[in-house]
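# Summary of structural features
This is what each chain is made of:
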Amino acid sequence: MEKQSSGLKQVVNNGLLGGIISLLLALVGMVNAFGKSYIVSDVITMAQVLMLAPILILGYNAVTRSQSKSTVVLLGSGLLAGLVGGLVLAVFIEIGQVVNLRAMLINASPDLYKLLTFGLPIQLGVLMLVLASVVSGGIAVGIYLLPARLRRAVVQAFLWVSVLGLLRNLFVTMIEGWGPVKALFRWMFAASGVTPFAAVVIFLVIGVIFYWTGGTPATKSKRQLTTRQQRTARLSAILGIILIVLFLPRVLGIFFSEILDNVGLFILMGLGLNIVVGFAGLLDLGYVAFYAIGAYTMGVLTSPELGFFNLTFWQALPFALVTAVLSGVLLGLPVLKMRGDYLAIVTLGFGEIIRLLVLSDWLRPYLGGTQGIQQIAHPMIGSLEIANQQQLYYLIIVAIGITAFIAWRLKDSRLGRAWMALREDEDVAKAMGINHVTTKLMAFAMGALFSGLAGAIFATKLTSTYPQSFQFLVSINVLSLIIIGGMGSIPGVLVGGLVFMGAPELLREFAEFRYLVYGALMVAMMLIRPEGLWPEARRRLELHEAEEPIEDENPQDVIQDSGL
Amino acid sequence: MLRTWRQRVTITDIVVWAIGLAIAVIVVWGTISTLQSGKYTGGTWLDLTIKGLALGGVYALIAMGYTLVYGILRMINFAHSEVFMSGPFTAVFLALALGQSGYLDQHPLISMTLISLVSMTVSALIAILLERIAYRPLRNAPRLVPLITAIGASFFLQYVFRGLYGSGVRAYPTLAALIGFWELAGVRIYKTQVVVIFGAIVMMLVLYGIVQWTKMGKAMRAVSEDKEAAELMGIDVDRVIVFTFGLGGASAGAAGILYIILFPVVNFFMGFIPGLKAFTAAVLGGIGNVPGAFLGAMILGLLESVGPNLFLDGLGVINPSQLKDAIAFIILVLILIFRPSGILGERLTDKA
């Protein structure tokens, strides 16, 4: 009896949580922002997905937690969770009809109520909303009851349709650049989102593909190949990626090339910060400082506006890098003895100091103050000036290639292993004869080097630098991309950068909420999957190994071991 | 002897001491040349001092949140600056409503109490939710993990409040009773500043009393000393931690009201800089130490207010007050290098 009531409480809690999350999404304006972006043309909007997805997911959670074998109990808990979630939204709408919430909550507008009630008359709409929530709960049960293989296929197919629908603009722009797929895209995409017929087809195709491959895990199918076949497979995959990377700006055009450039600069910084945070475990929140130093050195040395040196890009680049590295070492020296959280705050302070100095009237004659520095030189190769975004793309790709290669080679080198040893346990590492001074300084210097390089390219890309470009938020962007991608994992940085820096640029509606989403993802990541989405193998082992002793009878020892 | 000296002093120490010495020389030189130039009168200095003490009072109350949580969990609650922001950013709606109905000017004391209560409640609630959702599951995780969570939570909260209340700036209605100043020996002392200093001292005494003389305070100190032993003595550690977050949050909410008396505008980003400064203050006084937080905050407030004019003006720096935040952060770096335990803190081991 008692077990049943606690089960009921669990279901209601999940439903409430789902309702509250979806209400929060509505109140921060996300539902409003996506109100007009259809996933399936004229059928489903992103707003509706945002509204009902939390209820569905938490409903699924409730069903999983109920651990019952009886279909009736499962169905009951799914539907109940959905009902509770829907009621939360319904109560909010009813209150909104009586009280003007808009004086305080700016998004509680008539538009929002209209969206939440599917554009129907209010009372009917509320009823429909509750019904839709209950149906979502029911769908959750349905998904739970499917065999695992089919479940994965359905979820994947749904994700694919959503992503294609959301990124419609990207694909439609590609039509102009690339003829062959024109007919296909014309058929697939409506004015907003995917056409209903295409949605069904895509859903089925992706579903079938995943159902087929789902049975045999990738590792198994790989194992069936001989080593030589494996090597050719890998080689052709790499060649394919290289070809795509080389022709991407041609296909996508100028506008998307600029987005790629921005993403590339973040990846470049991410690779650098990955060395400091991921390899060496030094949480640096002032990473933007080196970016600023690289950009400003480039500016001061090349801009005829200030007229100090008038160097070319290539002459100034070594100076920019050296300045960045020196400031990295300079920051590194005093913070050598600090650990973890203190280090984070001090580096944050350092980043702010640099920004304030750059902004100050005091250094205005040298650094331009609020007006920044203009007329920064473009790089020249022979007589070719690398000026437009498509040409810069290749410069950035080369920089990323070199950086990724260095990072990859460093990782398993003597230095890389020393970094990881320091990260895991400083005292033991010191006892093993690792010189913690040079090792840590090398991490700061390498990180600063890549960030300085990114800064120098950034300066030449804009041909100007302003203090506003070097906010604390830049550091947070880079940090969140390596944390979500997977600390210490180079592919994690590459994929994380593409996804998390690309998404806000491609989806303008999303851009406003990027920090909200990053923040939530960072918290969720640490709670659920601290190794990141594309983790490094060793890190994953460490983190999951660390979970076991927590179950131990003496948790205090674990705390002390982990450096608390 | 020479050998041991050489063994002890490394190149890092030399560089670090050189940095410290250089800054000391700059400060002394700057002070002397400012005072010699005679640009500012005694009245100006007194004015800046009072301003600094008022700021220090606000920092002290925010710093309490950092210090209490650090004392118990040995973690820096990076999202505390958002706890501070949430209170006054929510209470502004009550203040505006009261201001429109005219109640604010008729009963200023009751109104301010109501506004403060709302602010403190909201901040405390956010702090408790933060602990429950984000920090509690990670209590035994490696220490980088809760820190990253805190950073994520900080940005999440900032942008949730931006989404809820808008990205614009909202102004608090001015309280007629607090307009104006008293003239004392030719120096203007603004009523707002006096109220803030007084309010901060009262709040600090209340907090000190709670920590020192109530049963819950005793439990807090016990948990801070040794979590396991406290649990064995029958203390509900989870409840104590929730109470600590609540207390720190309420204190931040009160700080928020004092802050808006000094600077009557609120926005979603208002917590970042004061939060960072309050953290500096907590470290300066010795983190984990309640009187230390107060002392550190007052010193920081003074240095920030008087410092730019005193240290930098004589060096020919234009608009030195632009660099007041930089001074605060440099102080933070210097304390952590030379005296990481702070002024009143006991010597921390390397691990703490």
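None of the values given here were measured: they were computed from a predicted structure. (Residues numbered from 1 in each chain as written. Chains lettered and ligands numbered in written order. Predicted model: local features only at pLDDT ≥ 70, side-chain atom pairs only at ≥ 80, totals over all residues.)

## Quick notes on the overall build of chain B
- Each helix and strand counted, chain B has 14 helices and four strands in total.
- Taking 2.2 N^0.38 as the reference for a compact globule, 352 residues should give roughly 20 Å; the C-alpha atoms of chain B span a radius of gyration of 22 Å, in line with that estimate.
- Across the 352 residues that make up chain B, the buried fraction comes to 50%.
- At a minimum sequence separation of 6, the contacts of chain B that also span at least 24 residues come to 79%. (Helix = DSSP H or I, 4+ residues; strand = E, 2+ residues; numbered from the N terminus. Rg over C-alpha atoms; globule rule 2.2 N^0.38 Å. Buried ≥ 20, exposed ≤ 12 C-beta atoms within 10 Å, placed from the backbone. Contact = placed C-beta atoms within 7 Å.)

## Structural notes on the overall build of chain A
- For chain A, the count of helices and strands is 26 helices and four strands.
- For chain A, the proportion of its 564 residues judged to be buried stands at 45%.
- By sequence separation, contacts in chain A at least 24 residues apart represent 77% of the contacts at least 6 residues apart.

## Details of the nonpolar core
- Counting residues in each nonpolar core, the largest one holds 275 residues, and the members touching the most others are L268(A), A60(B), L61(B) and A63(B).
- Here the element with the most residues in this core is helix α3 (residues 42–73) of chain B; it accounts for 18 residues. (Core = buried A, V, L, I, M, F, W, Y, C linked by C-beta atoms within 7 Å.)

## Thoughts on the interface of chain B and chain A
- Facing 46 residues of chain B, the contacting portion of chain A comprises 51 residues.
- Of all the elements in the fold, those that place two or more residues in the side of chain B that touches chain A are α2 (11–37), α7 (144–165) and α14 (324–338) of chain B.
- Considering only residue class, the side of chain B that touches chain A consists of 33 nonpolar, eight polar and five charged. (Nonpolar A, V, L, I, M, F, W, Y, C, P; charged D, E, K, R; others polar.)

## Side note on the domain arrangement of chain A
All names here are of chain A.
- In terms of domain boundaries, chain A breaks down into domain 1 (1–145), domain 2 (149–223) and domain 3 (240–561).
- The interface of domain 1 with domain 2 comprises 10 residues on the first partner and 14 residues on the second.
- Within the residue set of the side of domain 1 that touches domain 2, elements represented by two or more residues are β1 (38–40) and α3 (46–66).
- Sort the elements by how many residues they give to the side of domain 1 that touches domain 2 and β1 lands first, with three residues.
- Looking at the side of domain 1 that touches domain 2 residue by residue, the class counts come to seven nonpolar, two polar and one charged. (Domains from an automatic or database assignment.)

## Notes on helix α24 (residues 514–528) of chain A
- Its 15 residues place the ends of α24(A) 20 Å apart at the C-alpha level, agreeing with the 21 Å of an ideal helix rising 1.5 Å per residue.
- The set of residues buried in α24(A) consists of R514(A), Y515(A), L516(A), Y518(A), G519(A), M522(A), V523(A), M525(A) and M526(A).
- For α24(A), the elements touching its buried residues are α21 (472–485), α22 (490–506) and α23 (508–511) of chain A together with α6 (108–135) and α7 of chain B. (Expected span 1.5 Å × (residues − 1).)

## A short note on helix α20 (residues 436–462) of chain A
Residue and element names in this part refer to chain A.
- When the terminal C-alpha atoms of α20 are compared, their 39 Å separation across 27 residues agrees well with the 39 Å that a helix rising 1.5 Å per residue should span.
- Counting buried residues along α20, 22 of its 27 residues qualify, which places the element largely inside the surrounding structure.
- T463 sits one or two positions beyond α20 and adopts a positive phi of about 55 degrees.

## Focus on the pairing of strand β3 (residues 187–190) of chain B
Residue and element names in this part refer to chain B.
- Summarising the sheet, strand β2 (residues 181–184) and β3 pair through four bridges and their orientation is antiparallel. When the bridges of β3 are listed, E183 appears paired with R188.
- Hairpin connection of β2 to β3: two residues between the antiparallel strands, including A185 at a positive phi of 50 degrees. (Pairing = 2+ DSSP bridges.)

## Regarding the environment of Q322(B)
- When you line up the elements, Q322(B) lands in the loop between α13 (290–312) and α14.
- Expressed as a C-alpha distance, the spacing of Q322(B) and E82(B), which sit 240 residues apart in the sequence, is 24 Å.
- Here Q322(B) is in contact with S360(A) and D361(A), once residues within four sequence places are set aside.

## What about the packing of helix α13 (residues 288–302) of chain A against α20(A)?
Residues and elements named next belong to chain A.
- The N-to-C vectors of α13 and α20 enclose an angle of 45 degrees; their axes lie 6 Å apart at closest approach. When the interaxial angle is binned, α13 and α20 end up oblique. Crossing geometry of α13 relative to α20 is assigned as right-handed. Residues F290, Y291, A292, I293, G294, A295, M298 and G299 of α13 touch α20, and the partners they reach there are A448, S451, G452, L453, A454, G455, A456, F458, A459 and T460.
- A per-class count over the contact of α13 with α20 returns 12 nonpolar, six polar and no charged. (Axes fitted to C-alpha atoms, helices over the stretch in contact; angles between N-to-C directions. Parallel < 35°, antiparallel > 145°, perpendicular 65-115°, else oblique. Left-handed = near helix turned anticlockwise from the far one by under 90°.)

## Examining unusual backbone geometry
- Although it is not a glycine, T463(A) adopts a positive phi angle of roughly 55 degrees.
- As for its placement among the helices and strands, T463(A) is situated in the loop between α20 and α21.
- Despite not being glycine, R74(B) has its phi angle at roughly 55 degrees, a positive value.
- Within the secondary structure, R74(B) is located in the loop between α3 and α4 (80–101).
- Residue classification places R74(B) among the partly exposed positions, given that 18 C-beta atoms sit within 10 Å.

## Section: the packing of α2(B) against α13(B)
Residue and element names in this part refer to chain B.
- At a minimum axis separation of 6 Å, α2 and α13 run at an interaxial angle of 80 degrees. It follows that α2 is roughly perpendicular to α13 by the angle criterion. Note on element contacts: α13 touches α2 through N309, L310, F311 and L312, opposite V27, G30, T31 and T34.
- Classifying every residue of the contact of α2 with α13 by side-chain character gives four nonpolar, four polar and no charged.

## Overview of the confidence of the model for chain A
Residue and element names in this part refer to chain A.
- Taken as a whole, chain A shows an average pLDDT of 79; of its residues, 90% reach a score of 70 or greater.
- Of all helices and strands in chain A, the one with the weakest mean pLDDT is helix α26 (residues 555–561) (39), whereas α20 scores best (89).
- In the predicted structure, residues 547–564 sits below a pLDDT of 50 and forms 19 contacts with residues beyond four places in sequence or in another chain. (pLDDT = per-residue confidence, 0-100.)

## Focus on the confidence of the model for chain B
All names here are of chain B.
- The share of residues in chain B with pLDDT of 70 or more is 95%, and the mean pLDDT across the chain is 83.
- For the stretch residues 347–352, pLDDT sits under 50, and the model shows five contacts to residues farther than four places along the chain or on other chains.
- Reported for the predicted complex are a pTM of 0.85 and an ipTM of 0.83.

## Considerations on the environment of F161(B)
Residue and element names in this part refer to chain B.
- Inspection of the secondary structure assignment puts F161 in helix α7.
- Separated by 129 residues in the primary sequence, F161 and I32 place their C-alpha atoms 46 Å from one another.
- Not counting residues within four places of it along the chain, the set of residues in contact with F161 comprises M85, S86, F89 and F268.

## Section: the environment of G433(A)
- As for its position among the elements, G433(A) is in the loop between α19 (426–431) and α20.
- Note: C-alpha distance between G433(A) and S66(A) (367 residues apart in sequence) is 53 Å.

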